[in-house]
Structure formats: structure tokens, C-alpha cells
Amino acid sequence: MDDRALALEICLYVRQNKDAEARAAFSSVLQNTADAALLRVAGDALLAALRRRRQDLFTDWLLEAQLRLEVAVGQEEQAGCAFLQNLAFAMCDRQLEAELPILQTLVRRWLRVHGGSDSTDGFWNEWLSLTARLARRGWRLQARFLLRQVVWGVVRRRDVAFWQRLLSRLTLHFTVFARWDGFPKACAAYPELPLLYLLLVRRAGRAGADTGEQAAYLLLTLRSIRNLVSNAARSTMQDDMEIFRQWYQFLWRLAANDEKRLQELRRLLQLAIGYWQRSLPKTSRRQARFLEDLMQPSAVTGAYHELLERIC
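Residues numbered from 1 in each chain as written. Predicted model: local features only at pLDDT ≥ 70, side-chain atom pairs only at ≥ 80, totals over all residues. Heavy atoms only, no water.

## Topic: the side chain of Ser230
Among the secondary structure elements, Ser230 is positioned in helix 12 (residues 211-235). A polar atom in the side chain of Ser230 sits 3.5 Å from the side chain of Asp240. (Helix = DSSP H or I, 4+ residues; strand = E, 2+ residues; numbered from the N terminus. Polar contact = N/O pair within 3.5 Å; in protein donor to acceptor, adjacent residues only side chain to side chain.)

Rendered as C-alpha cells:
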């Protein structure tokens with residue numbers, strides 16, 4: 001029996017409330033099916049259980065299949081990607097919480113094996129689109145879960161072109177959110193975005209790193225922030241300086257009395273304002289004087305000051 005027939009058989013058992021037959025068929029699939037087919041059949045069976053509001057069946061099957069699924073997603077890049085995307089959507093759409101650690105384990109297993117490939121762009125595009133939909137619904141727990149997987153999955157990537165694509169997609173979703181609900185709420189919905197900026201700024205300031213790579217990381221970060229601020233300002237009909245002030249207020253709360261984190265976030269903000277002044281002189285000339293207090297005391301010194309002058 002091919003995998004489509006196996007999936008149909010299990011789905012029919014679920015639909016007909018034949019629990020014993022459904023469970024037996026699912027167990028047989030785990031024992032006798034190759035990895036790619038397993039991902040397709042198990043995915044269909046899990047989704048069928050959720051559609052019939054059988055969370056007990058879904059949870060039992062996910063636990064039973066976890067070890068086989070970990071192996072399968074590591075072996076199968078495309079089938080594993082499709083399985084994880086469908087599973088993530090279904091679980092978040094049903095607002096399941098207890099099972100999220102298993103999803104996290106499977107996602108991180110797939111990323112460990114396949115996360116360095118350029119073909120993962122499609123995975124991240126779909127993942128961020130799902131995150132944006134959940135954020136718009138106000139389902140913060142699910143959206144934050146997805147964003148944490150983004151941070152975990154990309155932290156080891158050293159490809160500037162990849163980071164440019166990722167930040168472009170992420171800031172687009174941020175700007176759309178800001179247009180509908182305002183910039184402060186967009187910051188609250190995407191608190192991991194400044195953390196990604198901090199990561200790149202740290203790489204730019206790392207002693208002994210290639211100067212060309214340092215400049216590329218800093219330019220990428222500051223250009224992304226400038227575009228985010230300018231787009232958010234236009235979409236919310238505010239001046240850039242107002243967006244910078246709102247961002248400062250959010251970053252201050254994000255620091256949470258951690259002096260080291262506060263210093264890093266102050267440097268990030270001052271670098272962003274400094275780059276904005278230099279790259280958009282006509283826009284910033286009238287507004288920069290209203291941000292002078294945010295530039296003191298200066299946290300942009302030494303290598304960061306030299307890099308800023310270099311990229312401008």
C-alpha cells in the first residue's frame with residue numbers, strides 16, 4: 001500500500017471514530033515506512049486528528065512518533081520542511097502549548113542538518129509569514145515561540161546575503177504591523193528583532209575580525225534600521241524622530257535594568273541615529289536636534305566610531 005493509501009486509511013478511521021484501528025495503523029506506519037513517506041503519512045494523520053478535535057489522539061501520536069520523526073526530518077530536507085511547516089501552522093492555529101517543546105525539538109533537528117543551505121530561504125519566508133499572521137491575531141505566545149526558533153536557527157549563519165534577505169522579510173512584516181497597530185505595538189510583537197540587530201553589531205565590533213566583514217555587518221544592520229524607521233514613519237504618518245524616540249522607550253524597557261544590555265542597546269540606537277543623519281541629510285537636518293539627548297553619553301567609541309565613519 002502506497003503512502004497516500006495509508007494516509008487515507010488512517011484519516012478514515014479517525015473520521016469514523018475507530019480509535020483502535022487508527023492507532024494500530026499509525027503504529028504500523030512508524031514501524032514499516034521509509035522516512036519521506038513517514039513524514040507525509042504522519043503529517044496527514046496528525047492533521048486529521050486535529051481537524052476532528054481529537055487532541056488526545058494528536059498528542060499520543062506525536063509522542064509515539066517523536067523519535068522516528070527526529071530521524072526523518074534530519075534525513076529528508078524537502079519533505080521535512082513541508083512536514084514542519086504544516087505541523088507548526090496546525091499547532092499554532094489550535095493554540096496548542098503543551099506539545100510545542102516537541103515541535104521545537106523537530107524544528108531544531110531539521111535546522112541543525114539543513115539550516116546552512118540556501119534552500120532554507122523558502123522555509124524562513126513561510127515561517128515568518130506564519131509568525132506575522134499570529135502576531136496580527138494577538139497570539140503572542142505562539143508568535144514568540146516561532147520568533148525564538150528564528151533566532152536559534154540563524155544565530156550561526158555568517159552569510160551577509162542571507163542576513164539581508166532575512167532582515168528584509170522581517171522588517172516588512174514589522175512595518176505592516178506598525179501601519180495597522182502603531183510602532184510601539186509592533187515593537188512588542190517583534191521583541192527579537194533588536195536582538196538580531198545586536199548580534200550583528202557585536203560581530204561588527206569583534207576584535208580581530210576582517211575589516212570588510214565588520215563593515216558589511218554594520219552597514220547591513222544600520223541600513224535595515226534606517227529603512228524600518230523611515231517606512232514605519234511614513235506608514236504611521238509620523239516623523240522619523242518620533243519613531244526613534246518610541247524605539248528608545250522600547251529598548252529601555254527591553255534592557256530591564258541590565259546595565260550591560262542597556263549600554264549595548266544605547267550603542268545600537270546611537271549608531272542607527274548617526275547613520276540616519278549621514279545617509280538622509282535632508283530628512284535628518286530638521287529633526288536631529290530633537291534627538292540630541294539620546295546621543296549622550298556617547299556609546300559609539302573606538303572601533304565602532306571608526307566603522308561608522310567608514311561606511312558613511
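Moving on, there is more to tell.
## Some remarks on helix 5 (residues 77-93)
Because the α-helix completes a turn every 3.6 residues, residues three or four places apart line up on one side. End to end, helix 5 covers 24 Å across 17 residues, agreeing with the expected 24 Å (1.5 Å per residue, within 8%). Among the residues of helix 5, Ala79, Gly80, Cys81, Phe83, Leu84, Gln85, Leu87, Ala88, Ala90, Met91 and Cys92 are the ones counted as buried. Looking at the buried positions of helix 5, the neighbouring elements they touch are helix 3 (35-51), helix 4 (55-75), helix 6 (100-114), helix 7 (121-137) and helix 8 (140-154). Two residues or fewer after helix 5 comes Gln95, characterised by a positive phi angle close to 55°. (Expected span 1.5 Å × (residues − 1). Buried < 20%, exposed > 50% of the residue type's maximum accessible area, 1.4 Å probe, protein only. Contact = heavy atoms within 4.5 Å.)

## Description of the packing of aromatic side chains
For the coordinates displayed, the defined rule picks out ten aromatic pairs. When the centroid spacing of 4.5 Å and the interplanar angle of 10° are considered together, the rings of Phe26 and Trp61 count as stacked. With a gap of 35 residues between them, Phe26 in helix 2 (residues 19-32) and Trp61 in helix 4 connect regions that are remote in the sequence. Considered together, Phe26 and Trp61 belong to a single accessibility category, that of buried residues. Measuring from ring centre to ring centre gives 5.2 Å for Phe244 and Trp276, while their planes differ by 65°; the resulting arrangement is edge-to-face. Residue Phe244 is found in helix 13 (residues 240-255), and its partner Trp276 is found in helix 14 (residues 259-279); the two are separated by 32 residues along the sequence. Grouping residues by exposure puts Phe244 and Trp276 together as buried. (Phe/Tyr/Trp six-rings, centres within 6.5 Å; stacked < 30°, edge-to-face > 60°.)

## As for the nonpolar core
Counting residues in hydrophobic clusters, the biggest one holds 113 residues, and the most contacted among them are Trp61, Trp163 and Trp247. If you tally residues by element for this core, the top one is helix 12, at ten residues. When neighbours within four sequence positions are excluded, Trp247 is seen to be in contact with Phe183, Cys187, Pro194, Tyr197, Ile225, Leu268, Leu269 and Ala272. (Core = buried A, V, L, I, M, F, W, Y, C linked by side-chain atoms within 4.5 Å.)

## Observations regarding helix 4
Helix length check: helix 4, at 21 residues, gives a terminal C-alpha distance of 28 Å against a target of 30 Å (1.5 Å per residue), a fit within 8%. Of all the bends in helix 4, the largest measures some 60° and sits at Gln66. Every buried residue of helix 4 is listed here: Leu57, Phe58, Thr59, Trp61, Leu62, Ala65, Gln66, Leu69, Ala72, Val73 and Gly74. Elements in contact with the buried residues of helix 4: helix 1 (3-15), helix 2, helix 3, helix 5 and helix 6. (Bend = angle between axes of the 7 residues up to and from the residue.)

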